[in-house]
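Architecture and fold: a report
Each chain, letter by letter, is given below.
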Amino acid sequence: MSVLAALLDRSVEQMAEAAADVRLFDREAIRAAADVWDNNLFPLFWAASTSRAGERERRAMTVLEWMAGLGERRRAWMTEQAAVAGYDIEPLLPPPVPSTPGRDYRGHVMAPQCRLARRNVEELVPDYDLATGSVRHLRVERAGTRLTAFLQVAVDRRFAVDESAPPALLDVWLDDVTDVVFNLSDTRGLVLDAGARETGIALGPGGRLRAAGGEYRLDDRSWHLSAAGRRADAVVPPRTRRSGRPRRPPGGDLGSDAYAAAALLHHAMVELRSVRYAARADHVPVLKLCRAFAGAGEAILAAGSQHGARRRETAFRGVIRAWAGRGGPDLTRWFAGVLRGRAGRPDIIETPRAPDAPERTPPSRGTEVSGAPTQAVLVMAAWTAAHTDYRTERPAAAQLQFALPPRADENPSEPWRLRTVDCAEPDAFRLRTDAFQGPGPLVQAGAPPAARGLDLRQGALYVATGAGWSPPVS
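Structural notes, computed from the coordinates. The structure displayed is predicted, hence computed values, not measured ones.

Between its first and last C-alpha, helix α5 (residues 72-84) extends 18 Å over 13 residues, near the 18 Å set by a 1.5 Å rise per residue. All of the buried residues in α5 are Arg-74, Arg-75, Trp-77, Met-78, Gln-81 and Ala-82. The arc that holds the buried residues of α5, viewed along the axis, is 160°, so those residues lie on one side. Exposed and facing more than 90 degrees away from the buried side of α5 are Arg-73 and Val-84.

Moving on to the packing of aromatic side chains. Within the structure shown, the criterion is met by nine aromatic pairs. Relative to Phe-159, the ring of Tyr-128 has its centre 5.6 Å away and its plane inclined at 85°; by these criteria the two rings are edge-to-face. One end of the pair, Tyr-128, is in strand β2 (residues 128-143); the other, Phe-159, is in the loop between β3 (146-157) and β4 (168-182), and 31 residues separate them in sequence. Of the two residues, Tyr-128 and Phe-159, both sit in the buried class. With a centroid separation of 4.9 Å and an interplanar angle of 70°, the aromatic rings of Phe-293 and Trp-323 are classed as edge-to-face. One end of the pair, Phe-293, is in the loop between α11 (286-292) and α12 (296-304); the other, Trp-323, is in helix α13 (residues 309-343), and 30 residues separate them in sequence. By relative accessible area, Phe-293 is classed as buried at 2%. According to the relative accessible area criterion, Trp-323 is buried, its value standing at 1%. Taken together, Phe-293, Trp-323, Trp-334 and Phe-335 form an aromatic cluster joined through their ring pairs.

What follows covers the pattern of salt bridges. Pairing is possible between side chains of opposite charge, provided their charged atoms come close. Inspection of every chain in the model, using the stated rule, returns 32 salt bridges. Residue Arg-146 pairs with Asp-176 through a salt bridge whose shortest N-O separation is 3.3 Å. Here Arg-146 is found in strand β3, whereas its partner Asp-176 is found in strand β4, with 30 residues between them in sequence. A relative accessible area of 36% means that Arg-146 is categorised as partly exposed. A salt bridge links Arg-432 to Asp-434; the nearest nitrogen and oxygen atoms lie 3.4 Å apart. Assessed through its relative accessible area of 34%, Arg-432 is described here as partly exposed. The exposure class assigned to Asp-434 is partly exposed, which follows from its relative accessible area of 26%.

Each value, and the rule that gives it
The numbering scheme is per chain: residues are counted from 1 as the chain's sequence reads. Only residues with pLDDT of at least 70 get local features here, since the model is predicted, and only at 80 or more are side-chain atom pairs given and counted; chain-wide, interface and lining totals rely on the full set of residues. Side-chain metrics rest on all non-hydrogen atoms present in the structure, leaving aside hydrogens and water. Helix and strand definitions here come from DSSP, where helices need a minimum of 4 consecutive H or I residues and strands a minimum of 2 consecutive E residues; each element is numbered from the N-terminal end. To estimate the expected span of a helix, count its residues, drop one, and scale the result by 1.5 Å. A 1.4 Å probe rolled over the protein chains alone gives each residue an accessible area, and that area as a share of the maximum for its type sets the label: buried under 20%, exposed over 50%, partly exposed in between. What the arc measures is the spread of directions leading from the helix axis to the C-beta atoms. Whether two aromatic rings pair depends on their centres lying within 6.5 Å, for rings of Phe, Tyr and Trp, where Trp uses its six-membered ring; planes under 30 degrees apart make the pair stacked, over 60 edge-to-face, and the rest tilted. What makes a salt bridge here is a side-chain nitrogen of Lys or Arg within 4 Å of a carboxyl oxygen of Asp or Glu, nothing more.

Pasting the structure below:
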């Protein structure tokens, strides 16, 4: 149970570290740490909620085994974070089950996710024509002091499929990116070179990505018809009713106040996980939530181990009030709404009165923003090609995420802030690695209806659009 509680506390610590300085913002670390508790938080409360030490340990062991069975990545995260907290949990867990291709609801084998190794890449060539591939999406972003990238390419199949089949997409994730060059002229043609020490990707006539390594997966519903798919089909066991049904997480009934605490923390984890959508990242109060829930694992264990149901419920009410006390008035109002709507418990904490906010008129799209920042740190840059998605036409788009310094009317010692902006149908999109090299000069050119350009670090990032940015970079 101590391990289980420590894993929760490590998640909160990881998220706080990832958001401590938005100039080194790590969106994926926050998403991954919060995602752990989507279907494991209520089991943790169930495991903790008994005063019998032996029963508590049996429950916690069941929960740990359930968590570790949710994939190799989850098990690796558990082992790593438990070690940081001072625990070696590998001897406690059953042997890992190797990852193998699965089958979809139709019984067709699905392409597995693979490391970018030369042998794996060579297996793609007989089934897919990479040389004619077309870039659907490119995203490069910070992960603390490192860079990562995601590349999605629509590739032509070399095997026969039904004409109505959706296009095959090759998804590539790159770790420790060292070199990026991309322009809108570099969207057709793909060469993958997966070496032992470095992975190189050539795009079009001049684009390139270099990284220490990565993974790829084919998003292709027709993969079972490929040569590799037929080989997998011959060895992967058929889908059965039992294998197709997801296992339910362990757990049991909780008292009203324990349930309220679990519902509140679960809802907070869902809110934190929503940074997976870049446009949400600058709206989620990551640091405030982490400050409120610091030490939550230890607090849950202490409350759940109280003797007697009444004492446990009183202790869980105290835990909720302590979380609210550390969160401040804004979070307390949010907590009260969650407790009322998710747990039917508006009585646990008092809702602070909302302050009378002065009226502020947001700038319209067609007006220049006074005091626009003159420097910025690039956190993320993404471009998406115009395409059809489930019979819906999607225009080309760009999305940028900046860390911006305090505004002119703010204290210069205030922390930098995150700002995510979007535009449709960019006329230009150029990106080089040095766009991510810390603070640099940011220049905004033009005004509607003429094209509006954003230039960072003297052309290392340049995006122009006639549609304007939403919201403005301010």
